[in-house]
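Architecture and fold: a report
The chain contents come next:
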There are 2 protein chains.
Amino acid sequence: MYVIVVYDVAEERVGKVNKFLKQYLTWIQNSVFEGTVHKALLEAIRVGLTNIMDLNYDTAYLFISSSPNCLQRETIGVEKGFTSRII
Amino acid sequence: MYVIVVYDVAEERVGKVNKFLKQYLTWIQNSVFEGTVHKALLEAIRVGLTNIMDLNYDTAYLFISSSPNCLQRETIGVEKGFTSRII
């Protein structure tokens, strides 16, 4: 499945969240990662974020699409962090 | 259709982009907006962003889903800017 993660965490946790997500997903811009993952890896991302984040202060949104065909991506301006594996 | 807009623009254009997108979409967190829009409004968003942005420097990604059923959203931590109209 395809997942977009956008997060907003306290400054002292930004580096940790970034480092964690970089293991599994592709950075696309400030606080936004994307990638195609299996179910088990998606669960590992949920668990990892939950452990790193302060759940009373930080936020992460996961947008998950089971079928890549139903989500279309468009870019306006400069293409930055995307991989060649485009949905 | 449902759209997520994530943008990364030079500091001097952040306010303009924010103000523009707030007219049509819901702010969810830093540089991320979401909303359900008709085709004509989506086109207005594309045109507006293109006019405001420096296309050689700034970036905006639009993730567009024609069917709300194929995109699932999960929140980890604090729910911030979402409306009650959840996909």
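Structure first, text after, so check above.
Let me begin by describing the structure that accompanies this report. (Residues numbered from 1 in each chain as written. Chains lettered and ligands numbered in written order. Predicted model: local features only at pLDDT ≥ 70, side-chain atom pairs only at ≥ 80, totals over all residues. Heavy atoms only, no water.)

Comments concerning the packing of aromatic side chains
Residue and element names in this part refer to chain B. Applying the stated criterion across every chain, the model contains four aromatic pairs over all chains. Look at Phe-20 and Tyr-24: their rings are 5.3 Å apart centre to centre, the planes differ by 75°, and that puts the pair in the edge-to-face class. A residue is classified by how much of its surface remains accessible, and Tyr-24, at 30% relative accessible area, is partly exposed. (Phe/Tyr/Trp six-rings, centres within 6.5 Å; stacked < 30°, edge-to-face > 60°. Buried < 20%, exposed > 50% of the residue type's maximum accessible area, 1.4 Å probe, protein only.)

Let's talk about the interface of chain B and chain A
Taken together, the contacts link 38 residues of chain B with 38 residues of chain A. Between chain B and chain A, a total of about 3,400 Å² is buried, with carbon and sulfur atoms accounting for 55% of that surface. When residues of chain B are sorted by the area they lose upon contact with chain A, B:Tyr61, B:Phe63 and B:Ile76 head the list and together hold 24% of the total. Seen at the junction of chain B and chain A, the total is two salt bridges. Measuring nitrogen to oxygen at the nearest pair gives 2.6 Å for the salt bridge that ties B:Arg46 to A:Glu74. Counting across the interface, chain B meets chain A through 16 residue pairs in polar contact (both at pLDDT 80 or more). In terms of residue class, the side of chain B that touches chain A is built from 20 nonpolar, 11 polar and seven charged. (Contact = heavy atoms within 4.5 Å. Buried area = accessible area lost by both parts, 1.4 Å probe. Salt bridge = Lys/Arg side-chain N within 4 Å of Asp/Glu carboxyl O. Polar contact = N/O pair within 3.5 Å; in protein donor to acceptor, adjacent residues only side chain to side chain. Nonpolar A, V, L, I, M, F, W, Y, C, P; charged D, E, K, R; others polar.)

With respect to the sheet that holds strand S5 (residues 71-77) of chain B
The strand order S2(A)-S3(A)-S1(A)-S4(A)-S5(B) describes an open sheet built from five strands, whose pairing is antiparallel. Since the sheet does not close on itself, it has two edges, and those belong to strand S2 (26-29) of chain A together with S5 of chain B, each with one partner. Along the sheet, successive strands turn relative to each other by an average axial angle of 25°, direction set aside. Strand direction decides the pairing type here: strand S1 (residues 2-8) of chain A and strand S3 (residues 32-36) of chain A, joined by five bridges, are antiparallel. Within the sheet, the bridge partner assigned to A:Tyr2 lies in S3(A) and is A:Thr36. (Pairing = 2+ DSSP bridges. Helix = DSSP H or I, 4+ residues; strand = E, 2+ residues; numbered from the N terminus. Axes fitted to C-alpha atoms, helices over the stretch in contact; angles between N-to-C directions.)

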